[in-house]
Amino acid sequence: MDLKFLKTNNNVNYLTEEQPEVSKTYILVREKENRILEDSEVIKLPNVNFNEWPIRKKSANRFLKYMKAKGNSLNILDLGCGNGWFSNQIASISEKNSVIGLDINSHELEQAARVFKRENLKFVYADVFQLQNQFKETFDIISLNGVIQYFPDFNLLIKTLDTFLKPEGEIHIIDSPFYAENEIENAQKRTKVYYCNLGFPEMANSYFHHSKKLIEDFKTLYIPKNSILKRFYSKDSPFYWLMLEKS
């Protein structure tokens, strides 16, 4: 991929202008949640046994198995890559694949670039909605792992990503919540209470609850266990793994 970067800073490549206030607020929230990890911890992900990581490891392994069967020489975009752990896992499948981990959190991107060093892996800062020209028909696979809730307009996001795909390309959504229509209002209230208790009530305005109706055209590659008891004992993801082929 021949990309024209605005700048490169600490091995992070910038395709659009930085919005530092986005990173600052997010990092403050993560610190309050005690979820900021040291480099020595990030490099082990997802192979750790605290918080949600044993569950996320299962989701990641399912996806990696799928990707291994897809073959080599693929261009892959990991959107909302954060500290880069999932991008690194994808890049480890084959050196012939080219992987971009993309986010708008410069703090985590710099950590990702510092921790994960592979020839076939780049970490990029960009607003995904400003990349229609740079990324047109570029990727075979686009992954979104645990990030859908940070995008306000789901349909606009998918429409945009569809233009990034090569013919027969695929969008994959992993470990992300979707809600029945009658669940959304209560979920919004819970989110508001959660961020108010953290001391960051404004963050509730940046967390979005998407309806299951929006994913009716997606193929379901993993279905979570239905009962609470099964979820507890299986210790597996409560979220669907969804795939959409290029329209």
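Residues numbered from 1 in each chain as written. Predicted model: local features only at pLDDT ≥ 70, side-chain atom pairs only at ≥ 80, totals over all residues. Heavy atoms only, no water.

Remarks on the nonpolar core
This is how it is decided: The term nonpolar core refers to a set of buried residues drawn from Ala, Val, Leu, Ile, Met, Phe, Trp, Tyr and Cys, joined through side-chain atoms within 4.5 Å. Any residue under 20% of the maximum accessible area for its type is buried, any over 50% is exposed, and the rest in between are partly exposed; the area is computed with a 1.4 Å probe on protein chains only. Under the scheme used here, helices are H or I runs from DSSP no shorter than 4 residues and strands are E runs no shorter than 2 residues, and both carry numbers assigned from the N terminus. The contact definition used throughout considers only heavy atoms, calling two residues in contact when any of these lie within 4.5 Å.
With 31 residues, the main nonpolar core has F63 and F123 as its most contacted residues. At the level of secondary structure, the elements contributing two or more residues to this core comprise β2 (12-14), α3 (53-70), α4 (85-91), α5 (106-115) and β5 (121-125). For this core, the element with the most residues is α3, which contributes 5 residues. Setting aside anything within four residues of it in sequence, one finds F123 in contact with N11, V12, N13, C81, G84, S87, G101, L109, A112, A113 and F116. Of all hydrophobic cores here, the second largest spans 30 residues; its members include L102, V128, L165 and I171.

Remarks on unusual backbone geometry
The linkage connecting L45 with the following residue, P46, adopts the cis geometry, with an omega of 5°. Phi angles above zero are rare outside glycine, and S73 is one such case at about 60°. Checked against the element boundaries, S73 lands in the loop between α3 and β3 (75-79). On the basis of relative accessibility, which here comes to 52%, the residue S73 falls in the exposed class.

Some thoughts on the pairing of strand β6 (residues 139-145)
Each regular strand shows side chains that alternate between the opposite faces of the sheet. In plain terms, the rule: Whether two strands pair comes down to DSSP finding at least two bridges between them. Handedness of a crossover is defined as follows: with both strands directed away from the viewer, a clockwise route from the first strand across the helix to the second makes it right-handed.
Burial runs high along β6: 7 of the 7 residues are buried. Here 4 bridges tie β3 to β6, and the two strands are oriented parallel to one another. Each residue of the ladder has a partner; that of I76, found in β6, is I141. Sheet topology note: the β6/strand β7 (residues 165-174) ladder contains 6 bridges and is parallel. Looking at the pairing, I141 lines up with E170 of β7. Regarding the hand of the β-α-β motif, the stretch spanning β6, helix α6 (residues 154-164) and β7 is right-handed.

Observations regarding α6
When we look at burial in α6, the residues that qualify are F154, L157, I158, T160, L161, D162 and F164. Turning to α6, the residues buried within the fold contact β3, β6, β7 and β9 (241-245).

Some words on the packing of aromatic side chains
What characterises a pair of aromatic rings is the spacing of the ring centres plus the angle enclosed by the ring planes. Rule in force here: Centres within 6.5 Å make a pair out of two Phe, Tyr or Trp rings, where for Trp the six-membered ring is used; the pair is then stacked when the planes are under 30 degrees apart, edge-to-face when over 60, and tilted otherwise. Lysine NZ or arginine CZ positioned within 6 Å of the ring centre and within 35 degrees of the ring normal marks a charge as sitting over the ring.
For the structure shown, the criterion picks out 15 aromatic pairs. Taking 6.5 Å as the distance between ring centres and 85° as the angle between the ring planes, the aromatic pair formed by Y26 and Y150 counts as edge-to-face. You can see Y26 sitting in helix α1 (residues 20-32) and its partner Y150 sitting in the loop between β6 and α6, a full 124 residues away along the chain. Y150 sits in the partly exposed class, given a relative accessible area of 33%. Put simply, the rings of W53, F63, Y66, W85, F86 and W241 pair up and form one aromatic cluster. K7 extends its terminal NZ or CZ atom over the ring of Y14, reaching a point 4.6 Å from the ring centre. Positioned over the ring face of Y222 is R62, at 3.7 Å from the centre of the ring.

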